[in-house]
Structures are given as structure tokens and as C-alpha cells.
Amino acid sequence: MAQPQNIVVIGAGICGVSAAIWLRRAGHTVTLVDKDAPGAGASFGNAGLIAQWAIVPVNTPDLPKTALKYLINPRSPLFIQWGALPGMVPWLLKYLSNATDRGTRHMVDALAPILMDGIDQHHALTKGTSAAKWIASSSYSYVYENRAAFEKDKLSWDFKREAGLEPELIEGPSAREAEPILSPNLSCMAVLKGHGHILNPGAYIEDLAQVFAEEGGTYRKAEVRDFTLNEGKIAAVETDQGPMPCDHAVLAAGIWSKPLMRKLGLKVPLQAERGHHLHFKNPSQMPRNPMMLTRGKFAVNPMSSGLRCAGTVELGGIRKGLSQGPLNLIRRESRRAFPDLEFDDVEEWVGFRPSTPDSLPLIGEIGQTGVHAAFGHQHIGLTAGPKTGRIVADLISGKRPNIPLEPYAPLRFQR
Ligand SMILES: Cc1cc2nc3c(=O)[nH]c(=O)nc-3n(C[C@H](O)[C@H](O)[C@H](O)COP(=O)(O)OP(=O)(O)OC[C@H]3O[C@@H](n4cnc5c(N)ncnc54)[C@H](O)[C@@H]3O)c2cc1C
């Protein structure tokens with residue numbers, strides 16, 4: 001084992017808790033610090049999918065055309081807070097500049113290694129612990145109105161097929177036989193077998209934080225405000241509770257990593273893709289497996305505490321709370337897809353996906369500062385968090401992970 005180090009991990013979402021657990025297992029002294037309780041950020045309310053298949057980013061070559069179509073249709077799943085638009089233009093331009101054939105190929109090739117063994121990574125993280133109970137095996141279906149709508153998604157399926165993700169098509173009345181909750185109007189399911197989901201993402205992160213504590217880690221509730229560097233190398237993480245001296249720090253604060261990178265003198269193009277969920281309590285019906293309602297662009301997950309419908313994209317930053325547009329869309333489309341669904345109550349939630357212009361996270365040491373990035377996982381952080389944490393723990397322990405890390409280079413936006 002490498003020399004034990006004193007390490008502060010900032011942020012107790014899926015990326016932070018995973019890094020903290022793997023660092024602790026490597027024998028380091030680890031403090032996990034969060035301004036809130038574990039799992040208070042995006043990791044709480046996501047759709048809970050271990051989305052091994054999500055290798056195709058949103059910014060593919062057909063995005064400019066689709067986005068224009070969506071923007072003139074108020075019932076589409078893309079929303080913009082227009083007042084925030086001017087501030088987002090530089091990010092949007094960079095984001096669109098990657099929506100080319102070459103850009104998409106690069107993103108798919110770099111997303112696959114951190115996604116496609118997602119279930120194994122969650123199992124490795126939780127093996128023999130109380131958190132293992134939250135991981136379920138399942139199939140995942142993309143649900144379409146009909147075959148023509150499925151065929152319109154050709155670009156995305158071509159990339160998936162190339163990666164060995166071949167869907168089984170279930171059509172006509174068979175779709176409802178496979179998933180009795182579905183409306184007869186939805187007559188085409190593209191099913192991917194052998195995947196998995198989380199039964200309660202909030203409870204999963206809480207249990208992972210507990211596992212970290214049981215394995216000898218320390219949890220501190222404090223807000224990180226700055227870093228103290230000594231000759232360019234981290235000496236302490238500064239918090240509202242005082243300094244936390246360390247040999248290394250891991251920055252895993254999701255969307256809030258952006259202002260903390262500023263403290264290191266670095267400007268990172270990180271934009272919040274706002275996503276919402278409706279969580280139906282005590283539902284009269286549940287799907288047998290998770291699915292994506294492709295018309296509404298949100299996922300549906302039968303969780304232990306109810307039926308969660310989560311997704312849509314709203315651009316507009318992190319200041320505002322819930323937005324009624326996306327919530328209404330989820331409400332309308334879930335009613336349409338599940339006409340017989342009844343429930344006792346519904347929880348509304350908004351969260352912030354931390355997204356970069358090339359849809360790839362930042363993973364690895366930031367220069368030679370001893371501060372290591374583990375953020376920027378857009379729509380796929382729950383899936384890739386455990387592997388990200390393991391990569392960062394390996395790097396700090398002097399081990400070279402066996403995947404190319406250049407695509408995730410933390411300084412790539414500074415060039
Ligand atoms: C609607 C929706 C659905 C999604 N569905 C899926 C899905 O099905 N599958 C999937 O893989 N991904 C999904 N995602 C994406 C996924 O949720 C995120 O990528 C992931 O949760 C990001 O995790 P994180 O650990 O980087 O950040 P977060 O979970 O946001 O955690 C960051 C933590 O840092 C803490 N923090 C921030 N600032 C400070 C500070 N200054 N000091 C101390 N602590 C601080 C916060 O309190 C927070 O706990 C979805 C996202 C949304 C919004």
C-alpha cells in the first residue's frame with residue numbers, strides 16, 4: 001500500500017461518498033465534508049437508474065434541429081428560463097460545438113468506460129455492506145408511441161448497437177402484456193436486458209455514508225469556502241468550521257464545484273441542467289421494470305417508496321426552485337402513459353445535473369495541486385460515481401487506472 005495520506009473529500013453525493021469509501025479502503029485517513037446531510041444534492045432525487053447504456057450524450061449532431069423544434073413547442077421536454085439565457089450563451093455555444101459526428105464519437109468513446117461496468121462497480125462498492133440492499137437487477141425499456149417513433153431514434157440506437165447494446169423490440173398488444181401499467185396507445189418498447197436500478201437513491205447515499213463511518217472514516221458537516229495552498233500544493237481545506245489540514249483533497253461538490261474551482265483560480269464551464277421529479281406515493285400500479293417515456297424524455301422507476309418519474313431538461317441555473325413547466329409535463333405525460341394510475345400523494349423535486357460542454361466529467365488531479373476533481377457527470381453521475389471514486393482513490397494511492405484518463409482531464413478547458 002502507498003504511504004497513508006490525510007485526505008478531505010468535499011461533497012457527500014454519490015461521487016464523494018464513493019471516493020471516500022475507496023480511499024478509506026486503501027488505508028488513508030479520510031474526512032468527508034458536506035454543508036448538508038449526505039445525499040442532499042442531485043444524488044437524492046435522480047431517476048435511480050444504473051444507466052450503463054447511457055453512452056450517447058444529449059449533444060449529438062441532431063441536437064440543433066431537435067432543440068429548435070422543442071423551443072417553439074411549449075409542450076416539449078426542453079425548457080429555458082429566458083432571463084438566464086444571456087449568461088448561458090458561452091456554455092451553450094461550446095456545448096453545441098461538440099454536437100458533431102466527431103465530437104459525438106469522442107464523447108461516446110469516453111463515456112463507455114465509466115458507464116458500461118456500472119452495476120459491477122456499485123456491487124463492488126457495497127459488497128457485504130448494508131447499502132447492497134438498494135441495488136436491484138432489471139431490464140430497461142425505451143417506450144415509444146409506435147415503431148416509426150423508435151426508428152426516428154436511429155442515431156442513438158446505432159451508437160448503442162455498436163457498443164453491443166441490442167434492444168429486443170416488443171410491439172402492439174404485447175407491450176401491454178409486458179408492462180400492464182402502459183396505455184394501449186404506447187405500442188413499441190425497445191428493451192435492454194441485464195441492467196439495474198437503485199430502489200431509493202437518498203437512502204442509498206445515507207447508507208453509503210454510514211458504511212464509510214463504520215469503515216473508519218469521519219463525516220463533518222461544514223461548508224467549504226476556500227483552499228490554502230503551500231507552494232502550489234494543498235495544505236488545508238478552509239471551511240466555516242475552521243481549516244481542515246490535509247495532504248490531498250477531492251472536489252466532488254457536483255454543480256457547486258464551479259465556485260470552488262474559482263478559488264483555485266480556474267474557470268470551468270459547468271452549467272446546471274435542471275431536472276425535476278414527481279414521486280407518486282402509494283401508487284395503485286407499478287411498472288415491472290424501469291423505463292423511459294421517450295415523448296416526455298423522463299424515466300420511470302418503481303422504487304421501494306413509490307413510483308418515481310424523473311427527468312426533462314431546463315436551462316436556467318441553480319437560484320430558482322421548482323419550475324411548474326417541467327413538473328406539468330411529467331404530470332401530463334405520466335397520466336397519458338399510465339391512465340389507470342392512482343396514488344395517495346406526490347412529492348415534487350428539482351435538482352441540478354452538473355454538465356460540461358463535452359458531456360464528460362472532470363476526473364483526476366488538478367495540475368499538481370493535490371486537489372483532485374471528481375465532478376461534472378451530467379445525466380449519468382449515479383451510474384459513474386462509484387467508478388469515478390475508485391479512479392480518484394487509485395490515483396491518490398499511486399495506482400494507474402486501466403482506462404485512458406485524458407478525456408476527463410480537469411484542465412482541458414483551460415487550454
Ligand atoms: C432529474 C434527474 C434525474 C437523474 N437521473 C439519473 C439516473 O437515473 N442515473 C444516473 O446515473 N444519473 C442521474 N442523474 C444525474 C445524477 O443525479 C448526478 O450526475 C449525480 O447525482 C451527481 O453527483 P455528485 O456527487 O457529483 O453531486 P451531488 O449529488 O450534487 O453532491 C454534491 C454535494 O456537495 C455538497 N456541497 C456543495 N457545495 C459544498 C460546499 N461548499 N461545502 C461542502 N459541501 C458542499 C452538496 O451539499 C452535495 O451533497 C439525474 C439527475 C437529475 C437532476
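This text goes with the structure placed above it.
In short, a report on the structure.

What counts and how
By convention here, each chain's residues receive numbers from 1 onward along its written sequence. Local features in this predicted model are restricted to residues of pLDDT 70 or higher, and side-chain atom pairs are both shown and tallied only at a pLDDT of 80 or more, whereas totals for entire chains, interfaces and linings draw on every residue. Being near a molecule or strand means, for a residue, that its C-beta atom, positioned from the backbone, comes within 6 Å of it. Secondary structure elements follow DSSP: runs of H or I no shorter than four residues count as helices, runs of E no shorter than two count as strands, and numbering proceeds from the N terminus. The nonpolar class holds Ala, Val, Leu, Ile, Met, Phe, Trp, Tyr, Cys and Pro. Asp, Glu, Lys and Arg form the charged class, and all remaining residues, Gly among them, are polar. Put simply, a residue is buried when 20 or more other C-beta atoms lie within 10 Å of its own C-beta and exposed when 12 or fewer do; between those, it is partly exposed, and each C-beta is set from the backbone. By convention a crossover is right-handed if, when the strands point away from the viewer, the path from the first strand over the helix to the second runs clockwise. We call two strands paired when DSSP finds no fewer than two bridges between them.

Thoughts on the site of the ligand
So, point 1. As a structural note, the neighbourhood of the ligand is formed by 42 residues, with Gly13, Gly41, Gly254, Gly275 and Gly381 the closest of them.
So, point 2. Elements with a contribution of two residues or more to the shell around the ligand: helix H1 (14-25), strand E2 (29-34), helix H2 (42-45), strand E13 (271-281), strand E16 (306-315), strand E17 (345-355) and helix H13 (381-396).
So, point 3. Element by element, the count of residues in the shell around the ligand is highest for H13, at 4 residues.
So, point 4. Here the shell around the ligand is composed, by residue class, of 20 nonpolar, 17 polar and 5 charged.

Structural notes on unusual backbone geometry
So, point 1. Residues other than glycine seldom take positive phi values, yet lysine 297 does so here, at roughly 55°.
So, point 2. Its location among the elements puts lysine 297 in the loop between strand E14 (291-293) and strand E15 (298-303).
So, point 3. The class for lysine 297 is partly exposed, based on 19 C-beta atoms found within 10 Å.
So, point 4. Phi is positive for threonine 312, which is not a glycine, with a value near 65°.
So, point 5. Position of threonine 312 among the secondary structure elements: in strand E16.
So, point 6. What makes threonine 312 buried here is the crowd of 24 C-beta atoms within 10 Å.

A look at the pairing of strand E1 (residues 6-10)
So, point 1. Among the 5 residues that make up E1, 4 are buried, leaving the element largely enclosed by the rest of the structure.
So, point 2. Following the chain from E1 across H1 to the adjacent parallel E2, one finds a crossover that is right-handed.
So, point 3. In the sheet, E1 pairs with strand E12 (residues 248-251) via 4 bridges, with the strands oriented parallel. In the strand pairing of E12, isoleucine 7 is matched with histidine 248.

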